[in-house]
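Descriptive analysis of the structure
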Amino acid sequence: MSLADLLSRRLLFTVGKGGVGRTTVTVALALEAVRRGKRVLVIEFEGARGLERALDAHRQARDPAPGLDRLTYLAVDGKRALEEYLEMIIPVRRLLRTIFDSAIYQYFVAAAPGLKELMAIGKIWYEANRADAEGDPRAANGNADDGPHPDLVIVDAPATGHSLQYLRMPQAAHEAFPVGLVHREAERVLSLLRDPSKTGVVVVSIAEEMPANETLEILAGLEGIGLQHAALVVNQVHAAPCSEEELDALRREAETVEPLEAAASDAALFVEAVRRAEEESGWARINATHVARLEAATRAPVALLPYVFCEEFGPEQVREIGRVLRARFEETSASAKPRGVGRGRAS
Amino acid sequence: MRAAVSKSTREAAVVRSRGTRDLGDVLSRHRIVVCAGSGGVGKTTTAASVALWGALHGRRAIVLTIDPARRLADSLGVGPIGNTPIEVPASALAGLGVGKGGTLTAMMLDQKGSWDELVARHAPSEEVRESILANPFYRQLSQSFAGSQEYMAVEQLGELDASGRYDLIVVDTPPTQHALDFLEAPDRLLHFLDRKIVRWFVRPSMSAGWSTFQTMNRTVRFLLGKIEDATGVAALAQVSDFFSAMGQLFDGFEARVDRVTALLRDPATAFLLVAGPDEQVLGQVDYLASQMAERRMPLKGVVMNRVHAPLDIDESAPEEIASAIEPHVDRAIGAKGRGEASVAGKVARRLAENLAAWQGRARGDALRIEVFRQGLPRGVPLVQVPDLPRDVHDLEGLRSLHAFLFGAVD
Ligand SMILES: Nc1ncnc2c1ncn2[C@@H]1O[C@H](COP(=O)(O)OP(=O)(O)OP(=O)(O)O)[C@@H](O)[C@H]1O
Ligand SMILES: Nc1ncnc2c1ncn2[C@@H]1O[C@H](COP(=O)(O)OP(=O)(O)OP(=O)(O)O)[C@@H](O)[C@H]1O
Ligand SMILES: [Mg+2]
Ligand SMILES: [Mg+2]
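Residues numbered from 1 in each chain as written. Chains lettered and ligands numbered in written order. Predicted model: local features only at pLDDT ≥ 70, side-chain atom pairs only at ≥ 80, totals over all residues. Heavy atoms only, no water.

1. Some thoughts on the overall build of chain B
Across its full length, chain B carries 19 helices and 8 strands. Counting all 410 residues of chain B, 53% fall into the buried class. Taking the intrachain contacts of chain B between residues at least 6 apart in sequence as the baseline, contacts between residues at least 24 apart amount to 80%. Summed over its atoms, the accessible surface of chain B is roughly 17300 Å², and 51% of this surface lies on carbon and sulfur atoms. (Helix = DSSP H or I, 4+ residues; strand = E, 2+ residues; numbered from the N terminus. Buried < 20%, exposed > 50% of the residue type's maximum accessible area, 1.4 Å probe, protein only. Contact = heavy atoms within 4.5 Å. Areas by Shrake-Rupley, 256 points an atom, 1.4 Å probe, with all protein chains shown as cover.)

Structure follows, in structure tokens:
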């Protein structure tokens, strides 16, 4: 699969454990898409601010990425989405406000299994479908006033457990409620989510034990709700600076350096360089072990992204990640799965 | 120029850069230590290491751990089934030099089972228990109510503390979006289980639905009914059933939440923030610290984990480093070279780039940590643990962290 295939969908979800790089991958994908002329809407859930901050950094960059003006941002809040919806179908706003503020209503929302989550997904569905949403009451409510509809919606989903809860909801709600708004809403959302030509889930992981375990759970969880993941991105992969054989020889040579040799000597610098190479090779080995576990667990394309050493991880690094991502998908799209990792460089 | 390096290792450099105070002070003055922080930063590892330090210093220590890595669970001897305290055998600790009277116990908090257990423990009868466990609202609540897992951790903490068997309780916390989430859990739950509202629901007639709200404005009643119709969610009957069944259970609940909150506010309880040097939380430290102080759960220490510590070498460009080390690289691999003179040169350059890359990242970490430190309230120690290229999950590994957490002790 090429990156163009991935970006040709309507809706992408970026899911993964906390801190692995979901926001980085979301932005990198979005920048790739706008560079290709698409209009892209990126979404995160209310309360998370990482995506908004990352986008601000890109907007303020001295040399902004091409096509940034085609990129828009939205924060989705399930509870508010539900209220918006109710205000549309029960147009007595002032009174509804009183109800929304009441404790009973809070219980109602808490009690209805996954109603908030479903509404959040519903809102995302609506955004992904704006092109042909004239018939939808929300279109009339001024939701679609902010310019032309997006070609692609990318959701920077919350960390694992929560993401699956959102994605599971349409199915659960569809089964739980035989009639009514929830049933209809769930049905519409499901038909979009289940269509692999329109929706794709991009799973992001890092190649260490605990995060990889969690990723395997995500893959199983997605399968359990009938969603195929479109790609697996393994982020922050270290690369050995030299071969094991070379490292052995270097290590032996380093051992011959007398501990009493002058502190300022090149020999001591050499020893430090070898030690650092050993550590990096160590991480590369650990990463390789878990990359193998992850690869064995999926049939989707796997793209490895390098660990980028830099003073500050910012827009420039995200763009570099985007370039690598493109290369990983492109270089092997004809034949096998994309993979491989280049060396991260200091900025 | 010559690029210079001292013989000291990077790890020693971290110890030196540490502030004058360390966590040893904090531990000696507190009975309960809570390790909070966002996902994957090293809370579980830190908590285990801190508890081990206590045991080594003669404390009867227990670590309440959540979802540890497999090898960590193995080292501590806790299995996948949680909620039973298991003491680490004295023989396993012997080699580490545990002080007089010191013990280490571990307990794995089973998050999923906790609510069910709570219900089982407090339900007045088998029948009530079954009806609660089968209630859809309960199932939803116990799985997804924000903060319920955190709350259960605090419940367990209360039980352990009341047992009087431990004089150091180290609490690991579930991954949260925000470091404050954990602290807010009891309050949120208390609010949710507000007595007045609960009592309102606990009326036999309630199961019939909204129409029984005689006291309510007719229009409001109409609208609520409409919401139910529109959504297809007949939620009220479930909520009512739930609270009816839980009624007796909640009788003692408020008092317990109060007790648990008091425990978190006890002067003997210390909060440690575990953070990574590239996290967003670093930018919000004043906010965090002031929020914690406001809740009377003050921040007592910060563990900056997986830090890339600067190497003790002069600033030099990769090319300079490469040419400085090339003769040595040549000596190491030149002889077996694949007939190509440039092999050593290439390897030297990659080694040099690798070294410089690390140094760049380390500079950034040091800068971010320094800015963070400026925002920390006075007297809150900040310790740094390097990103170790080795497994820290056995007892020996956990102890190796003490040099960074507590200075070069034991
Ligand atoms: N390839 C990489 N190389 C080096 N560092 C990286 C890489 N990718 C991400 N990071 C670091 O990890 C940090 C977190 O990345 P990001 O915000 O994308 O993760 P996230 O999964 O969205 O996190 P959160 O769960 O907090 O939302 C970044 O600020 C950056 O410092
Ligand atoms: N200083 C360190 N150097 C290297 N690896 C470390 C260090 N500290 C922790 N790790 C590794 O990082 C991973 C995550 O650590 P840990 O499980 O303690 O984090 P956590 O904050 O409890 O995560 P979660 O939020 O998922 O519960 C583990 O595999 C652990 O071995
Ligand atoms: Mg993020
Ligand atoms: Mg943990």
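2. Regarding the pattern of salt bridges
Residue and element names in this part refer to chain B. This structure, assessed with the given rule, holds 28 salt bridges over all chains. For Arg306, the salt bridge is made with Asp387, and the minimal N-O distance between the two is 2.9 Å. With Arg306 in strand S7 (residues 299-307) and Asp387 in the loop between strand S8 (382-386) and helix H18 (395-400), this pair connects stretches of sequence that are 81 residues apart. Of the residues examined, Arg306 reaches a relative accessible area of 28% and is grouped as partly exposed. For Asp387, a relative accessible area of 11% puts it in the buried group. (Salt bridge = Lys/Arg side-chain N within 4 Å of Asp/Glu carboxyl O.)

3. Examining the packing of helix H16 (residues 318-334) of chain B against helix H17 (residues 342-375) of chain B
All names here are of chain B. With their axes 7 Å apart at the nearest point, H16 and H17 run at an angle of 130° to one another. When the interaxial angle is binned, H16 and H17 end up oblique. For the element pair H16 and H17, the recorded crossing hand is right-handed. Within the contact between the two elements, H16 uses Pro318, Ile321, Ala322, Ile325, Glu326, Val329, Asp330 and Ile333 and H17 uses Val343, Ala344, Gly345, Val347, Ala348, Arg349, Leu351, Ala352, Glu353, Leu355 and Ala356. In terms of residue class, the contact of H16 with H17 is made up of 14 nonpolar, 1 polar and 4 charged. (Axes fitted to C-alpha atoms, helices over the stretch in contact; angles between N-to-C directions. Parallel < 35°, antiparallel > 145°, perpendicular 65-115°, else oblique. Left-handed = near helix turned anticlockwise from the far one by under 90°. Nonpolar A, V, L, I, M, F, W, Y, C, P; charged D, E, K, R; others polar.)

4. Considering the site of ligand 1
Taken together, 15 residues sit near ligand 1, with A:Gly19, A:Arg22, A:Thr23, A:Thr24 and A:Val308 positioned nearest. At the site occupied by ligand 1, nearby residues are drawn from chains A and B. Within the side chain of A:Gln236, a nitrogen or oxygen atom sits 3.5 Å from a nitrogen atom of ligand 1. Its free accessible area being 630 Å², ligand 1 has 81% of it covered by the protein chains. (Near = heavy atom within 4 Å. Polar contact = N/O pair within 3.5 Å; in protein donor to acceptor, adjacent residues only side chain to side chain.)

5. A look at the sheet that holds strand S1 (residues 11-16) of chain A
All names here are of chain A. The parallel open sheet is built from 7 strands, whose spatial order is S3-S2-S4-S1-S5-S6-S7. With one partner strand each, in any of the chains shown, strand S3 (71-76) and strand S7 (302-306) form the two edges of the open sheet. Neighbour to neighbour, the strand axes of the sheet diverge by 20° on average, direction disregarded. Relative to S3, strand S2 (residues 40-45) runs parallel, the two sharing 6 bridges. Residue pairing across strands places Val42 opposite Tyr73, the latter belonging to S3. The strands touched by helix H3 (residues 50-60) are S2, S3 and strand S4 (152-156); relative to S2, the strand with the most contacts, the crossing angle is about 140°. Helix H11 (residues 209-224) contacts S1, strand S5 (199-206) and strand S6 (229-237) of the sheet and is inclined by roughly 160° relative to S5. (Pairing = 2+ DSSP bridges.)

6. Concerning the packing of aromatic side chains
Using the criterion set out here, one finds 3 aromatic pairs over all chains in the structure. Taken together, a centroid distance of 4.2 Å and an interplanar angle of 15° make the contact between B:Trp53 and B:Phe406 stacked. Of this pair, B:Trp53 sits in helix H3 (residues 43-56) while B:Phe406 sits in the segment after helix H19 (402-405); the two residues are 353 residues apart in sequence, bridging distant segments of the chain. Here B:Trp53 matches B:Phe406 in class, with each residue buried. Among the aromatic residues, those joined into a ring-pair cluster are A:Tyr307, A:Phe309 and B:Trp358. (Phe/Tyr/Trp six-rings, centres within 6.5 Å; stacked < 30°, edge-to-face > 60°.)

7. Examining the sheet that holds strand S1 (residues 32-36) of chain B
Residue and element names in this part refer to chain B. Pairing is mixed across the open sheet formed by 8 strands, whose spatial order is S3-S4-S2-S5-S1-S6-S7-S8. Looking at which strands have only one partner, the edges of the open sheet turn out to be strand S3 (86-87) and S8. Sitting on the sheet, H3 is in contact with S1, strand S2 (60-65), strand S4 (103-108), strand S5 (168-172), strand S6 (269-275) and S7, with an inclination near 170° to S5.

8. Side note on the site of ligand 2
Looking at ligand 2, there are 17 residues lining it, with A:Lys17, B:Gly40, B:Lys43, B:Thr44 and B:Thr45 nearest. More than one chain approaches ligand 2, the contributing ones being chains A and B. Note that an oxygen atom of ligand 2 is positioned 2.5 Å from one of the side-chain N or O atoms of A:Lys17. One of the side-chain nitrogen or oxygen atoms of B:Thr45 is found 2.5 Å away from an oxygen atom of ligand 2.

9. What about the pairing of S4(B)?
Residue and element names in this part refer to chain B. The buried fraction of S4 amounts to 5 of the 6 residues, a majority that puts the element mostly inside the structure. Of the strand pairs in this sheet, S2 and S4 are connected by 6 bridges, and their pairing is parallel. Bridge assignment links Leu64 to a residue of S4, and that residue is Met107. Where S3 lies against S4, 2 bridges are found, and the strand directions are antiparallel. If you follow Ile86 over to S4, its bridge partner there is Ala106.

10. A look at the packing of H11(A) against helix H13 (residues 266-296) of chain A
Residues and elements named next belong to chain A. Direction vectors running N to C along H11 and H13 enclose 5°, while the axes themselves pass 10 Å from each other. Here H13 runs roughly parallel to H11, going by the angle between their axes. Contacts between H11 and H13 involve Glu209, Ala212, Asn213, Thr215 and Leu216 from the former and His290, Arg293 and Leu294 from the latter. In terms of residue class, the contact of H11 with H13 is built from 3 nonpolar, 3 polar and 2 charged.

11. Here we look at empty space enclosed by the protein
Residues and elements named next belong to chain A. Under the defined criterion, the tally for this structure stands at 2 cavities of 30 Å³ or more. There is about 30 Å³ of room inside the second largest cavity. Lining the second largest cavity are Leu167, Gln171, Leu190, Leu193, Arg194, Ile225 and Leu227. When contributions to the lining of the second largest cavity are tallied by element, the ones reaching two or more residues are helix H9 (160-176) and helix H10 (180-193). For the lining of the second largest cavity, the residue count by class is 5 nonpolar, 1 polar and 1 charged. (1 Å grid on protein atoms, 1.4 Å probe; cavity = no way out; pocket = protein on both sides within 12 Å on 5 of 7 lines; lining within 4 Å. Points joined across faces, edges and corners; volume = space filled by probe spheres on them.)

12. Some words on helix H4 (residues 78-89) of chain A
Compared with the 16 Å implied by 1.5 Å per residue over 12 residues, the 17 Å span of H4(A) between its first and last C-alpha is a close match. A:Gly78, A:Ala81, A:Leu82, A:Glu83, A:Tyr85, A:Leu86, A:Glu87 and A:Met88 are the residues of H4(A) that are buried. (Expected span 1.5 Å × (residues − 1).)

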